[in-house]
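Descriptive structure summary
One-letter residues, chain by chain:
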Amino acid sequence: MGSAAPTPLQILEEVFGYEAFRPPQDEVIDQLVGGGDALVLMPTGGGKSLCYQIPALARSGVAVVVSPLIALMQDQVDALHQNGVRAAFLNSTLGRDEVRAVEEALHRGELDLLYIAPERLLLPRTLALLEQLGLALFAIDEAHCVSQWGHDFRPEYVQLSLLPQRFPHVPRIALTATADEATRAEIIERLELAQARHFICGFDRPNIRYRIAESRGNAREQLLRFIRDEHPGEAGIVYCLSRKRVEEIAAWLARQGLSALPYHAGLPAEQRQMHQQRFLREEGVIIVATIAFGMGIDKPDVRFVAHLNLPKSLEAYYQETGRAGRDGLPADAWMLYGLQDVITLRQMQAGSTAPEHIKRIEHHKLDAMLGLCEVTHCRRQALLRYFGDELEQPCGNCDTCLEPPETWDASVAAQKALSCVYRTGQRFGVSYLVDVLLGKEDARIQRFGHDRISTFGIGDELKQNEWRDLYRQLIAHGLLTVDLQGHGALRLSEASRPVLRGEQRLHLRRLRSPVKREGRSRGKVAQSVDQADQGLWEALRECRQRLAAEQGIPAYMIFHDATLLEMIELRPNNLQELATVSGVGQRKLEAYGEAFLEVLRD
Ligand code: ADP
Ligand code: ZN
């Protein structure tokens, strides 16, 4: 290549071992290398890091990466070191000597990337230090933290507007995976990015398969079957609502022989830290967590995210499920959903003490969440539409696309169900109402005289669980409301009137009978390996695990699964051939090439 500075494409190949950019990475990189600013909105796993890492290497001086996720910095720097990139971080976890060592390296021009927390960057001392250095660029990661309306607001982010004043000639790039129209406008305004080129990508995560299963009252068995059948030996996250439930599910899965660990804010910090480390470092660990877990976890090979409860909004659902499959290989977002979820969420909503305009927003968000659960067409289309993204065709990779739900004309049954609510005085919950419809002999029903009303025993066309399913859908669609006191009593809403009077027909999802799957004993990724190559796959994984353990880093930092899969496919015989495998850059080739070739030869 001679003495000319390497091009971005050469850097991509030699340092990172990839052969082509994923659009619009190349355009973003050109914009920065040319000295311009950029705003980048890309979904998780889209490849944001290279957008600033490559310009950092192509331009002279050090690139400063601002991130609020201190816990991630060590891993980001470790991963760069694996590729032979000179990187370091400055944050509150470092001791004074370590800080001094980094500062000296900066003065000597020995770093290409510096990760830094915003509060540290804004210290007068740090700003003065940076003014003495040549700077390649500023990258502002998680740029949505500048928005006051998002969940992740960080006041220090607002002050980053001083960067263009103090460093007018240094290009800036702001990156985020979560920003609706309003947040985007706020980022542009507060970070003074009006002059920047904007790169707005779609939000789709095509490798994630969205699935929402009806809960059958035995959530943990359903979960266990899902993991055993579809993800044996693979890493995943299971979200539960309460700490108690987290502990119970984790302990139960562990008793079934899985490596499952609990994680919630009530555990001692050391234990949380240890469980997180094991999740990152070991293969096939399952974390059972409240929503406290996940922010700043960028493990690429999380093969499934399971929800045992409904999140409160689609924003939360999308963020949590987005932690699956960052490496682009197939992954599952699997959720259980049932009557009790609907009742709990509706009650929470009714009990909200928020001001009226906030309540309206909460209501809207919850309706959208329940709407996703009840849709009869492509889930991905519904999900993306909520975020303002249109997907032209049904995706073919969600449960409703793969096994289209049957719908039925539920008008008459709904009339019976609603009228039973009315005749019993709008004071009872689902179980009682179903008993009345089925004409059950029951002392309580007799005491209230409900064995003599017109809806007693008129419901033998449906079974008990089908009536419960119907009530769930009526609540989800807003035809029934749930009382505040917590007894789950149902009342008719305005929207129920036309249905009750027979003026509006109602088409609903039919309850699915549980599908018996043939027990597959291999994980999602292992499935894509031929039976004959299973031994090789295991041997390559072992080799990776051994090299990672020697350095105390996660296995995926040596090579991603996708890289191992390509080794099996291409069967390289020598270093030169190994270098063509995606994810094998120069440094990794030198450091690990021989070890993997040996495994491949055997
Ligand atoms: P994000 O920060 O947008 O969530 P990352 O930057 O972590 O995504 O990239 C996600 C994954 O995609 C990483 O494993 C990365 O190595 C890989 N990747 C990024 N760009 C490319 C590319 N051009 N070719 C192949 N793999 C890529
Ligand atoms: Zn679909």
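Everything here concerns the structure above.
The following paragraphs examine the structure supplied in this document. Along each chain, numbering runs from 1 in the same order as the chain's sequence is written. Key to labels: chains lettered from A, ligands numbered from 1, both in the order written. At least 70 in pLDDT is required for a residue's local features to be given in this predicted model, at least 80 for side-chain atom pairs to be given and counted, and no such filter applies to totals for whole chains, interfaces and linings, which use all residues. Note that water and hydrogens are dropped before the side-chain values are worked out from all heavy atoms of the structure.

1. Describing the overall build of the protein chain
Starting at the N terminus, helices and strands are each numbered in turn, a helix being any DSSP run of H or I of at least four residues and a strand any DSSP run of E of at least two. Assigned secondary structure in the protein chain consists of 28 helices and 17 strands. Throughout, the radius of gyration refers to the C-alpha atoms, and the reference size of a globule is 2.2 Å times the residue count to the power 0.38. Its C-alpha radius of gyration of 27 Å places the protein chain within 12% of the 25 Å reference for a compact globule of 602 residues. For the protein chain, the spread of C-alpha atoms along the principal axes amounts to about 95 × 60 × 45 Å. When checking whether two residues touch, look at their non-hydrogen atoms; a contact exists if any pair is within 4.5 Å. Of all intrachain contacts in the protein chain linking residues separated by at least 6 positions in sequence, the fraction that spans at least 24 positions is 72%. We get accessible surface area from the Shrake-Rupley algorithm with a probe of 1.4 Å; when it comes to residues, only the shown protein chains can shield them. Looking at the protein chain as shown, the accessible area adds up to about 27200 Å², and 49% of this sits on carbon and sulfur atoms. For this count, His and the chain ends are skipped, Lys and Arg are scored as positive, and Asp and Glu as negative. Where a charge lies is defined by one atom per residue type, namely NZ (Lys), CZ (Arg), CG (Asp) and CD (Glu). For the protein chain, the separation between the mean place of its 70 positive charges and that of its 80 negative charges on side chains is 7 Å.

2. Examining unusual backbone geometry
In this model, Pro23 is joined to Pro24 through a cis peptide bond whose omega is 5°. When you line up the elements, Pro24 lands in the loop between helix H1 (8-16) and helix H2 (25-33). Look at Glu192: it is not a glycine, yet its phi comes out positive at around 55°. Checked against the element boundaries, Glu192 lands in the loop between helix H10 (181-190) and strand S7 (197-200). For Gln426, which is not glycine, the phi dihedral falls at a positive 55°. Among the structural elements, Gln426 can be located in the loop between helix H19 (411-423) and helix H20 (430-437). Exposure remark for Gln426: the relative accessible area of 18% places this residue in the buried category. Each residue gets one of three labels from its accessible area relative to the maximum for its type: buried under 20%, exposed over 50%, partly exposed in between, using a 1.4 Å probe on protein chains only.

3. Remarks on helix H12 (residues 243-255)
Residue pairs three or four apart in sequence face the same way in an α-helix, which turns once every 3.6 residues. Every helix has an expected span of 1.5 Å times one less than the residues it contains. With 13 residues, H12 extends 18 Å between its outermost C-alpha atoms, agreeing within 8% with the 18 Å of an ideal straight helix rising 1.5 Å per residue. Taken from the residues just after H12, Gly257 is the one with a positive phi, measuring 95°.

4. Regarding the coordination of the zinc ion (ligand 2)
Only nitrogen, oxygen and sulfur atoms within 2.8 Å of the metal, or 3.2 Å for Na, K and Ca, are treated as donors, and water is left out, so sites may look incomplete. With distances of 2.3 to 2.4 Å, the protein atoms coordinating the zinc ion (ligand 2) are Cys378 (SG), Cys395 (SG), Cys398 (SG) and Cys401 (SG). Sites are called tetrahedral only when four donors show all angles between 85 and 135 degrees, square planar or octahedral only when four or six donors show opposite pairs over 155 degrees and all other angles between 65 and 115, and irregular in any remaining case. Around the zinc ion (ligand 2), the four donor atoms are arranged such that angles at the metal cover 102 to 119°; this shape is classified as tetrahedral. For the zinc ion (ligand 2), the donor residues sit on a single chain with the sequence spacing C-x16-C-x2-C-x2-C. With Cys378 in the loop between helix H16 (356-374) and helix H17 (379-386) and Cys401 in helix H18 (residues 399-402), this residue pair connects regions lying 23 residues apart in the sequence. Cys378 gets classed as buried once you look at its relative accessible area, which sits at 3%.

5. Details of the environment of Ser352
Structurally, the position occupied by Ser352 is in the loop between helix H15 (339-350) and H16. Its relative accessible area of 14% is what places Ser352 among the buried residues. A C-alpha to C-alpha distance of 52 Å links Ser352 and Glu550, two positions 198 residues apart in sequence. Setting aside residues up to four positions removed in sequence, Ser352 forms contacts with Lys359 and Glu362. A distance of 3.2 Å separates a polar side-chain atom of Ser352 from the backbone nitrogen of Ala354. Any N or O atom pair separated by 3.5 Å or less is treated as a polar contact, with the protein-specific requirement of one donor-capable and one acceptor-capable atom, and with residues adjacent in sequence counted only for side-chain atom pairs.

6. Things to note about the sheet that holds strand S12 (residues 304-307)
Whether two strands pair comes down to DSSP finding at least two bridges between them. Here we have six strands laid out as an open sheet, ordered S8-S13-S12-S9-S11-S10, and parallel in their pairing. A single partner strand is all that each edge strand has here, and the edge strands are strand S8 (208-214) and strand S10 (260-263). Put simply, the sheet's adjacent strands are angled 15° from each other on average, direction ignored. Across the sheet, helix H11 (residues 219-230) lies against S8, strand S9 (236-239), strand S11 (286-289), S12 and strand S13 (331-337), angled at about 165° from S13, the strand it touches most. Between N-to-C directions, angles span 0 to 180 degrees; the directions come from axes that are lines fitted to C-alpha atoms, helices contributing only their stretch in contact.

7. A look at empty space enclosed by the protein
Space inside and on the surface of the protein is sampled on a 1 Å grid over the protein atoms alone, with a cavity defined as a set of points where a 1.4 Å probe fits but cannot get out and a pocket as an open set with protein on both sides within 12 Å along at least 5 of 7 lines; lining residues have an atom within 4 Å of a point. Grid points are joined across faces, edges and corners, and a volume is the space filled by probe spheres set on the points. Scanning the model with the defined rule gives two cavities of 30 Å³ or more in all. In this structure, the largest cavity encloses a volume near 100 Å³. Taken together, 13 residues make up the lining of the largest cavity; nearest its centre are Ala235, Glu283, Asp301, Arg541 and Asp561. Class assignment of the residues belonging to the lining of the largest cavity gives a composition of three nonpolar, two polar and eight charged. Residues lining the lining of the largest cavity come from more than one domain, with at least three contributed by each of domain 2 (208-337 + 375-402) and domain 4 (526-601). Lining the second largest cavity are Leu280, Arg281, Glu282, Glu283, Lys299, Asp301, Arg544, Ala555 and Tyr556. When residue character is reported, Ala, Val, Leu, Ile, Met, Phe, Trp, Tyr, Cys and Pro are called nonpolar, Asp, Glu, Lys and Arg charged, and the others, Gly included, polar. Each residue belonging to the lining of the second largest cavity can be placed in one class, and the counts come to three nonpolar, no polar and six charged. The split of the chain into domains comes from an automatic or database domain assignment. Residue-level mapping places the lining of the second largest cavity at the junction of two domains, with at least three residues from each of domain 2 (208-337 + 375-402) and domain 4 (526-601).

8. Some remarks on the site of ligand 1
Consider each residue's heavy atoms; a residue with any of them within 4 Å of a molecule or strand counts as near. Every one of the 15 residues lining ligand 1 counts as a neighbour, but Tyr18, Gly45, Lys48, Ser49 and His560 are closest to it. One nitrogen or oxygen atom from the side chain of Gln25 is found 2.9 Å from a nitrogen atom belonging to ligand 1. Between Ser49 and ligand 1, the recorded distance is 2.5 Å, taken from a side-chain N or O atom to an oxygen atom. For ligand 1, whose unbound accessible area comes to 560 Å², protein coverage reaches 82%. When residues in the shell around ligand 1 are grouped by element, the largest group, three residues, is from helix H3 (residues 48-58). Here the residues of the shell around ligand 1 are counted per class, giving five nonpolar, seven polar and three charged.

9. A look at the pattern of salt bridges
The rule for a salt bridge is simple: a side-chain nitrogen of Lys or Arg has to be within 4 Å of a carboxyl oxygen of Asp or Glu. What the rule picks out here adds up to 34 salt bridges. Residue Arg166 is joined to Glu131 by a salt bridge in which the shortest nitrogen-to-oxygen separation is 2.9 Å. Separated by 35 residues along the polypeptide, Arg166 in helix H9 (residues 162-166) and Glu131 in helix H7 (residues 124-131) bring together distant segments of the chain. We classify Arg166 as partly exposed; its relative accessible area is 36%. On the basis of relative accessibility, which here comes to 41%, the residue Glu131 falls in the partly exposed class. Between Asp301 and Lys299 there is a salt bridge, and its shortest N-O distance comes to 3.1 Å. Accessibility assignment for this pair places Asp301 and Lys299 in one class, buried. Salt bridges sharing common partners tie together Glu283, Glu538, Arg541, Arg544 and Asp561.

10. With respect to the packing of H1 against H3
Two numbers describe how H1 lies on H3: the axes approach to 10 Å, and their chain directions differ by 105°. Taken as axis vectors, H1 and H3 run roughly perpendicular relative to one another. Contacts between H1 and H3 involve Pro8, Ile11, Leu12, Val15 and Phe16 from the first element and Leu50, Gln53, Ile54, Leu57 and Ala58 from the second. Among the residues making up the contact of H1 with H3, the classes are represented as nine nonpolar, one polar and no charged. For this classification, under 35 degrees means roughly parallel, over 145 means roughly antiparallel, 65 to 115 means roughly perpendicular, and everything else is oblique.

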